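# Structure assessment
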Amino acid sequence: MTTALTVPAPAVEACCTPLTSEALSVEDAQRFAQLLKAVAEPTRLRLVSLIAAQENKEACVCDLTEPIGLGQPTVSHHLKILVDAGILHREKRGVWAYYSIVPGALERAAAVLSPR
């Protein structure tokens, strides 16, 4: 049985108005800062890169521990931060959790920093 866990993407939803076109609201700035903090860490950047590089664009936490060189609890902690920031989607399959990049999440984040 496959059970999908859907987590809202609060940081990604805020990524719609470029910083150069108008001032961000306090709430949007807080959500965008959450996204930037999530990816502003080398291990988390590597995790996003490893997942994106997979043939099917998803990875099990069990497949990420060795390339990262950290234990499963630490890798899971980093993945949770990326899920909470709206960058990754988590799907539970049996005892394993699989992670994939939320479609458009990175593009929407980049659009906030790009002038129009």
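Our structure is the block above this text.
Residues numbered from 1 in each chain as written. Predicted model: local features only at pLDDT ≥ 70, side-chain atom pairs only at ≥ 80, totals over all residues. Heavy atoms only, no water.

## Regarding the overall build of the protein
Secondary structure summary: the protein contains 6 helices and 4 strands in total. Each helix (α) and strand (β) of the protein, taken in turn from the N terminus, gives the series β-α-α-α-β-α-α-β-β-α. Counting over 116 residues, the protein shows a buried share of 35%. Put simply, of all contacts in the protein between residues at least 6 apart along the chain, 60% involve residues at least 24 apart. (Helix = DSSP H or I, 4+ residues; strand = E, 2+ residues; numbered from the N terminus. Buried < 20%, exposed > 50% of the residue type's maximum accessible area, 1.4 Å probe, protein only. Contact = heavy atoms within 4.5 Å.)

## Structural notes on the pattern of salt bridges
This structure, assessed with the given rule, holds 4 salt bridges. Among the salt bridges present, the one from Asp84 reaches Lys80, with a minimum N-O distance of 2.7 Å. Note that Asp84 and Lys80 are positioned in helix α5 (residues 72–84) at a spacing of 4 residues, about one turn of the helix. Overall, the relative accessible area of 30% leaves Asp84 in the partly exposed class. Put simply, Arg93 and Glu91 hold a salt bridge, and the shortest N to O gap is 3.3 Å. Accessibility expressed as a relative area gives 27% for Arg93, which makes it partly exposed. Via salt bridges that share partners, Glu58, Glu91 and Arg93 belong to a single interconnected network. (Salt bridge = Lys/Arg side-chain N within 4 Å of Asp/Glu carboxyl O.)

## A short note on the nonpolar core
In terms of nonpolar packing, the biggest core is built from 23 residues, with Leu79, Leu82, Ile87, Leu88 and Tyr99 touching the most fellow members. Look past the residues within four positions of Leu82 in its chain and what remains in contact with it is Ala38, Val39, Arg44, Leu47, Val48, Ile87 and Leu88. (Core = buried A, V, L, I, M, F, W, Y, C linked by side-chain atoms within 4.5 Å.)

## Notes on unusual backbone geometry
Notably, Lys57 is not glycine yet its phi reads approximately 60 degrees, a positive angle. Tracing the backbone shows Lys57 in the loop between α3 (42–53) and β2 (58–60).

## Quick word on the packing of α3 against α5
Between α3 and α5, the shortest axis-to-axis distance is 10 Å and the interhelical angle comes to 80 degrees. The angle between α3 and α5 falls in the class roughly perpendicular. Only Val75, His78, Leu79, Ile81 and Leu82 of α5 make contact with α3, whose side of the interface consists of Thr43, Arg44, Leu47, Val48 and Ile51. (Axes fitted to C-alpha atoms, helices over the stretch in contact; angles between N-to-C directions. Parallel < 35°, antiparallel > 145°, perpendicular 65-115°, else oblique.)

## A word on α3
Counted at 1.5 Å a residue, the expected span for α3 with its 12 residues is 16 Å, and the 16 Å between its end C-alpha atoms agrees. Among all positions in α3, only Thr43, Arg44, Leu47, Val48 and Ile51 are buried. Angular distribution of buried residues about the axis of α3 spans 140 degrees; they occupy a single face of the element. Turned more than 90 degrees away from the buried face of α3 sit Pro42 and Ala53, all of them exposed. (Expected span 1.5 Å × (residues − 1). Arc of directions from axis to C-beta.)

Any functional reading would require information beyond the geometric quantities listed.
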